[in-house]
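Each chain, letter by letter, is given below.
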Amino acid sequence: MNLKESVNTVEKIRFEKAAVLKEKPSTDGIPFGKYFSDHMFLMDYDEGKGWHDPRIVPFADFQLSPAAVVFHYAQEIFEGMKAYRNEKGEVLLFRPIENARRLNSSAERLCIPQIPEEDFLTAVKTLVEIEKDWVPSEPNTSLYIRPFIIATAPQLGVHASESYLFSIILSPVGSYYKEGLNPVNIMIEDADVRAVRGGTGYTKCGGNYACSIRAGERAEKQGFSQVLWLDGVTRRNIEEVGSMNVMFKINGTVVTPKLTGSVLPGITRKSCIELLKDWGYKVEEREFSVDELGAAAKNGTLEEAWGTGTAAVVSPIGELSYEGQDYHIGTGIGELTQKLYDTLTGIQWGKIPDTRGWSVKVC
Ligand SMILES: *Cc1c(COP(=O)(O)O)cnc(C)c1O
């Protein structure tokens, strides 16, 4: 990506205001990702021209050719982040530069042109500032931010698209946990796999989700809320849980699957590891097999287990099912799980001082 093609100034973003503004929904019991704010960010890419025409326009349907590459070959990537309102009424982002970097890492893998980090941040901040009234202020609520890039060129040959659309849409989200942290039960998936090394597991691309839906639906039917994914080669090593990274506290040490290429490098994962190390915990990023997990569950050394991701931040795991056997993990919410949740959400909602420079003020 050539910096000359970059936007790099807020001034260049064209703004077309919606004639009528929507009524904002109550965040109480609001379903995830079904209500969208008044405006969206758009920017086009054309071969030879680079990224151009950044604009914020009324939220509306796209018009695309039925032959657009994204519909046939899933050349598509996205990000997931949130804007939080603190007690002073200010709007904060959490480590947004990490999202900019990961979007570009995904772009590189999917042969999508990258977006300069500064331009990504400017786009997110400008849109969120315009839509600041959509950032809810009730406790534990936020505004979900979904940046994404789709391949738009009408071409059925299997080649990288010659044109792309970068968009950002916003959706208010309610409190994930109404009555405090709630443990989930998970089913270890031994048939379907989400990702393999050499594939796209480390990227946020739509295709990873398409192939994960079946296992998720099966688990749900059997009364489980998440799937625990194993690696695609040995089917022994733990990779992720649902669309979260996963961590286990065993005998005082925190173990989490290492980033092998088929594991998504979560920003919540990274933040948890940094906090845990600061607190003096030993953190092991390594291969961790389902056999080792089963043994730790049986002999009582498995003290806590939790998933990490932007949506739930930290999601305690209460029960594991594998090959017809159920393993219970600890009792109630683990102390460390709770501490990570309280610290991360404390920083995100500006309730505790941010000593690491993770919070970025929008307005
Ligand atoms: C987004 C995502 C995560 C979590 O990443 P965060 O940056 O912490 O939100 C974990 N696993 C998968 C598969 C994901 O798509």
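The residue numbers shown here count from 1 along each chain, following its written sequence. It should be noted that, the model being predicted, local features are given only for residues of pLDDT at least 70 and side-chain atom pairs only at 80 or more, the latter also being counted only at that level, while totals for whole chains, interfaces and linings use all residues. Only hydrogens and water are set aside; all other atoms, that is, all heavy atoms of the structure, feed into the side-chain values.

Asker: Where do I start with the packing of helix α6 (residues 267-278) against helix α8 (residues 335-348) in this structure?
Answerer: Helices that pack against each other are described as a pair by the angle of their axes relative to one another and the distance between those axes. Between N-to-C directions, angles span 0 to 180 degrees; the directions come from axes that are lines fitted to C-alpha atoms, helices contributing only their stretch in contact. Numbering of helices and strands runs from the N terminus, with a helix taken as a DSSP run of H or I at least four residues long and a strand as a DSSP run of E at least two residues long. Between α6 and α8, the least distance of the axes is 11 Å, while the angle of their chain directions is 110°. Judged by the angle between their axes, α6 and α8 are roughly perpendicular. Taken together, the residues of α8 that come into contact with α6 (itself represented by T268, S271, C272, L275 and L276) are L336, L340, T343 and L344. Amino acids outside the nonpolar list (Ala, Val, Leu, Ile, Met, Phe, Trp, Tyr, Cys, Pro) and the charged list (Asp, Glu, Lys, Arg) are all regarded as polar, and Gly is one of them. Along the lines of polarity and charge, the residues of the contact of α6 with α8 split into 6 nonpolar, 3 polar and no charged. When an angle is under 35 degrees it counts as roughly parallel; over 145 it counts as roughly antiparallel; between 65 and 115 it counts as roughly perpendicular; any other value is oblique. The contact criterion used is simple: two residues touch if any of their non-hydrogen atoms lie within 4.5 Å.

Asker: Would you explain the packing of helix α2 (residues 96-109) against helix α3 (residues 117-130) in this entry?
Answerer: α3 packs onto α2 with a crossing angle of 125° between their chain directions and a minimal axis gap of 9 Å. Relative to α3, the element α2 lies oblique. In this structure, the crossing between α2 and α3 has a hand that is right-handed. Contacts between α2 and α3 involve P96, I97, N99, A100, R101, L103 and N104 on the former and, on the latter, E117, F120 and L121. Looking at the contact of α2 with α3 residue by residue, the class counts come to 6 nonpolar, 2 polar and 2 charged. Crossing chirality is assigned from the near helix's rotation relative to the far helix, an anticlockwise turn below a right angle marking it left-handed and a clockwise turn marking it right-handed.

Asker: Sorry if this is basic, but what is going on with the domain arrangement of the protein chain here?
Answerer: How big an interface is tends to be stated in terms of the accessible area lost upon association of its parts. On domain assignment, one finds that the protein chain holds domain 1 (14-173) and domain 2 (184-348). Relative to domain 2, the C-alpha centre of domain 1 lies at a distance of 27 Å. Tallying the contact residues gives 19 residues for domain 1 and 21 residues for domain 2. Put simply, buried area is how much 1.4 Å-probe accessible surface two parts lose in total, over both of them, once they are put together. Interface of domain 1 and domain 2: buried area, both sides summed, is about 1,800 Å²; carbon and sulfur atoms make up 57% of it. Three residues, F94, R102 and R109, lead the burial of domain 1 against domain 2; their summed loss comes to 33% of the area buried on that side. Salt bridges are identified by distance alone: a Lys or Arg side-chain nitrogen within 4 Å of an Asp or Glu carboxyl oxygen. Our count for the domain 1 to domain 2 interface comes out at 2 salt bridges. Pairs of N or O atoms within 3.5 Å make up the polar contacts considered here, provided that, within protein, one atom can donate a hydrogen while the other can accept it, and that residues adjacent in sequence are counted only when both atoms are side-chain atoms. The tally of links between domain 1 and domain 2 comes to 12 residue pairs in polar contact (both at pLDDT 80 or more). Elements that contribute at least two residues to the side of domain 1 that touches domain 2 include exactly β4 (76-78), β5 (81-85), β6 (91-94) and α2. Sort the elements by how many residues they give to the side of domain 1 that touches domain 2 and α2 lands first, with 7 residues. Counted by class, the side of domain 1 that touches domain 2 contains 7 nonpolar, 4 polar and 8 charged residues. These domain boundaries are the output of an automatic or database domain assignment.

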